[in-house]
Amino acid sequence: MSSFTTRILNVRPESIAFNSDNNLPIISDQETKDNLDIAANELTTTNNAIGFPTETVYGLAGSALSDESVRSIYRAKNRPADNPLIVHISSIDQLKRKLLPSDYEIPEIYKPLIEKFWPGPLTILLPIHPNSPISSLVTANQDTFAVRMPSHPVARALIAISDTPIAAPSANASTRPSPTLAQHVYNDLQGRIPLILDGGACDVGVESSVVDGLVDPPMLLRPGGVSVEEIKQFGGEKWKNIVLAKKTAGKLEAVRTPGMKYRHYSPNAKVVLFTNCKDGINEIDQYLKKNDIGPQNKKIALLKSRHFASQPQIEIERDLGSSGSDISRNLFRLLREVDELNVDLILVEGIDESDEGLAVMNRLSKAALEIVDGNVTNGVIA
Ligand code: TXA
Ligand code: MG
């Protein structure tokens, strides 16, 4: 593949404003305007993928209408091509104009969700129509496509200026934790993409929620920035029956063979997730003793949140925060941060799966090679 000198271009989200649904953004800062033009030009005149910020995580953008652009995305990330991508649009007008047949009506079931959560971290599935312009590489040949309208001003401006629906997975190298800073994208994809728009830290910190309203009852395919509780509250009657796809929950994955799993969100260090462990003192102590681990033979980091106490034998400690939104926002950043200190082991405090907890535990249970459940006799399950 071609090699690039990856440039990081600064953009200021606060300098971008949207007037109404259909309009181009108004940009008060000249550098931001120039850099958005450079990025939009890259999207419309080349097949290269580029890094850009969204409110959830950084994405890796290419035109959703071009096979070659979508190939560049899969190639830069080293992502298996059977995992479909989300299409990002800047307005409902653009969705209709560029992607849907003129006589097509968005299904009623989605209307309250779109009204409440767009722009924002919610992705919906729509049917692919016979003459759809969307690259079949985006959908991995499924008969549906996933679409969302991001709320990050830089993401929306980029899509509006290029007037191109953008396919974008998270901009990490495949299997790595998702990126929430431009620097994370650079660390993973340096030399593999020509540019990254740097719009600062992502606010949500985990990816969008993916829902399928085309099946009855509707289904949550991936928990994310909009919680199940919010979907039930604002979605109307039908969404009160939303079913969680099996893989969405953290605890369902607790029993498994170490090393046999599909790696995802993984730092280089081994992640051990502790659930139902109160202040964690006993379980961590037992775990370290049982495995003959200590500061003398391993470098260990602890990520704690609501209940864990500081552990005297662990030197590196970071606080994820205590609110669900803080824990979501800090999760990937702190996994990457302690990993860069070359630790051998990252011990993480789990949280309960309500509200933001479902998305957090979904990511953590995929990152973890081992889970210690304080409710199970003698601790170690996996
Ligand atoms: O927040 C996000 O959604 C981020 C930012 C960059 O927007 N993007 C993201 O994309 O997380 P990605 O490619 O990492 O995740 C796409 C998810 C996958 O779980 C994929 O299986 C699912 O959406 N997906 C995409 N198209 C689908 C389809 N047609 N049917 C079912 N699932 C689909
Ligand atoms: Mg991803």
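Quantities reported herein were computed from a predicted structural model and do not represent experimental measurements.

### Remarks on the overall build of the protein
Move 1: Secondary structure summary: the protein contains eleven helices and 18 strands in total.
Move 2: Against the globule reference of 21 Å for 382 residues, the protein gives a C-alpha radius of gyration of 21 Å, in line with a compact fold.
Move 3: Along the first, second and third principal axes, the C-alpha atoms of the protein reach 65 × 50 × 35 Å.
Move 4: Taking all 382 residues of the protein together, the buried fraction comes to 56%.
Move 5: Sequence separation of 24 or more characterises 69% of the internal contacts of the protein that already satisfy a separation of 6 or more.
Move 6: When the accessible area of the protein is evaluated, it comes to approximately 16400 Å², of which 47% is carbon and sulfur surface.
Move 7: Taking the average place of the 40 positive charges on the side chains of the protein and the average place of its 47 negative ones, the gap between the two points comes to 4 Å.

### Description of the layout of surface pockets
Move 1: Size it by volume and the largest pocket reaches roughly 1000 Å³.
Move 2: Counting residues per element, the lining of the largest pocket draws most heavily on strand S8 (residues 144–148), which supplies four residues.
Move 3: Per-class residue counts for the lining of the largest pocket are 17 nonpolar, 17 polar and twelve charged.

### Section: the site of ligand 1
Move 1: Of all residues adjacent to ligand 1, which total 22 residues, the nearest are Thr-56, Arg-79, His-88, Ser-208 and Arg-222.
Move 2: Contact distances for ligand 1 include 3.0 Å between an oxygen atom and a side-chain N or O atom of Asn-83.
Move 3: In a pocket analysis with a 2 Å cut-off to the grid points, ligand 1 is assigned to the largest pocket.
Move 4: Looking at the shell around ligand 1, the elements with two or more residues in it are strand S6 (86–88), S8 and strand S12 (219–222).
Move 5: Top contributing element to the shell around ligand 1 by residue count: S8, with four residues.
Move 6: Within the shell around ligand 1, the residues separate by chemical class into ten nonpolar, eight polar and four charged.

### As for the UniProt feature "domain: YrdC-like" (unreviewed entry) in the protein
Move 1: The positions UniProt marks with the feature "domain: YrdC-like" (unreviewed entry) are residues 33–226.
Move 2: Annotation note: span residues 33–226, helix share 31%, strand share 19%, distance between end C-alpha atoms 30 Å.

### Some details on the packing of helix H10 (residues 324–339) against helix H11 (residues 357–367)
Move 1: For the pair H10 and H11, the least separation of the axes is 9 Å and the interaxial angle reads 20 degrees. Considered as vectors, H10 and H11 are oriented roughly parallel to each other. For the crossing formed where H10 meets H11, the hand is left-handed. Residue-level contacts link Ile-327, Ser-328, Leu-331 and Phe-332 of H10 to Val-360, Arg-363 and Leu-364 of H11.

### Examining the sheet that holds strand S17 (residues 345–349)
Move 1: Strand order in the open sheet made by the five strands is S16-S15-S17-S14-S18, with parallel pairing throughout. Lying at the two open borders of the sheet, with one neighbouring strand each, are strand S16 (316–319) and strand S18 (370–373). Averaged over all neighbouring strand pairs, the angle between strand axes comes to 20 degrees, with direction disregarded.
Move 2: Where strand S15 (residues 300–304) lies against S16, four bridges are found, and the strand directions are parallel. Bridge pairing links Ala-301 to Ile-316 in S16.
Move 3: Lying over the sheet, H11 contacts strand S14 (270–275), S17 and S18, oriented at roughly 135 degrees with respect to S14.

### A short note on the side chain of Ser-69
Move 1: Relative to the helices and strands, Ser-69 resides in helix H2 (residues 67–77).
Move 2: With residues near it in sequence (within four places) discarded, Ser-69 still touches Thr-46, Asn-47, Gly-62 and Ser-63.

### Here we look at the pattern of salt bridges
Move 1: Overall, the coordinates contain 21 salt bridges when judged by the stated rule.
Move 2: Arg-97 is the salt-bridge partner of Asp-163, the closest N and O atoms lying 3.0 Å from each other. Placement of Asp-163 in the loop between helix H6 (153–162) and strand S9 (166–167) and of Arg-97 in helix H3 (residues 92–99) is noted, with a sequence separation of 66 residues between them.
Move 3: Its relative accessible area of 46% is what places Arg-97 among the partly exposed residues.
Move 4: Salt-bridge contacts for Glu-337 lead to Arg-333; the nearest nitrogen and oxygen are separated by 3.4 Å. With a gap of four residues between them, Glu-337 and Arg-333 both fall in helix H10, about one helical turn apart.
Move 5: A single network of salt bridges, built from pairs that share partners, joins Asp-93, Arg-97, Lys-98 and Asp-163.

### Regarding the environment of Asn-131
Move 1: Checked against the element boundaries, Asn-131 lands in the loop between strand S7 (122–127) and helix H5 (136–139).
Move 2: Along the chain, Asn-131 and Leu-24 lie 107 residues apart, while their C-alpha atoms are 27 Å from each other.

### Overview of the packing of aromatic side chains
Move 1: Throughout the structure, instances matching the rule amount to five aromatic pairs.
Move 2: Ring geometry for Phe-117 against Phe-234: centres 6.0 Å apart, planes inclined by 80 degrees, an arrangement best described as edge-to-face. With Phe-117 in helix H4 (residues 111–117) and Phe-234 in helix H8 (residues 228–234), this pair connects stretches of sequence that are 117 residues apart.
Move 3: Using a relative accessible area of 8% as the deciding quantity, one classes Phe-117 as buried.
Move 4: The exposure class assigned to Phe-234 is partly exposed, which follows from its relative accessible area of 31%.
Move 5: A ring pair is formed by Phe-274 and Tyr-287, whose centres lie 5.8 Å apart and whose planes are at 85 degrees; its orientation type is edge-to-face. Placement of Phe-274 in strand S14 and of Tyr-287 in helix H9 (residues 281–290) is noted, with a sequence separation of 13 residues between them. Tyr-287 matches Phe-274 in its accessibility class, with the two residues each being buried.
Move 6: The structure contains a cluster of three or more aromatic residues connected by ring pairs, namely Phe-274, Tyr-287 and Phe-308.

Analysis parameters
- Residues numbered from 1 in each chain as written.
- Chains lettered and ligands numbered in written order.
- Predicted model: local features only at pLDDT ≥ 70, side-chain atom pairs only at ≥ 80, totals over all residues.
- Heavy atoms only, no water.
- Helix = DSSP H or I, 4+ residues; strand = E, 2+ residues; numbered from the N terminus.
- Rg over C-alpha atoms; globule rule 2.2 N^0.38 Å.
- Buried < 20%, exposed > 50% of the residue type's maximum accessible area, 1.4 Å probe, protein only.
- Contact = heavy atoms within 4.5 Å.
- Areas by Shrake-Rupley, 256 points an atom, 1.4 Å probe, with all protein chains shown as cover.
- Lys, Arg positive; Asp, Glu negative; His and termini not counted.
- Charge placed at Lys NZ, Arg CZ, Asp CG, Glu CD.
- 1 Å grid on protein atoms, 1.4 Å probe; cavity = no way out; pocket = protein on both sides within 12 Å on 5 of 7 lines; lining within 4 Å.
- Points joined across faces, edges and corners; volume = space filled by probe spheres on them.
- Nonpolar A, V, L, I, M, F, W, Y, C, P; charged D, E, K, R; others polar.
- Near = heavy atom within 4 Å.
- Polar contact = N/O pair within 3.5 Å; in protein donor to acceptor, adjacent residues only side chain to side chain.
- Sits in = over half its atoms within 2 Å of the grid points.
- UniProt positions renumbered as here; feature names shortened; annotations may be inferred.
- Axes fitted to C-alpha atoms, helices over the stretch in contact; angles between N-to-C directions.
- Parallel < 35°, antiparallel > 145°, perpendicular 65-115°, else oblique.
- Left-handed = near helix turned anticlockwise from the far one by under 90°.
- Pairing = 2+ DSSP bridges.
- Salt bridge = Lys/Arg side-chain N within 4 Å of Asp/Glu carboxyl O.
- Phe/Tyr/Trp six-rings, centres within 6.5 Å; stacked < 30°, edge-to-face > 60°.

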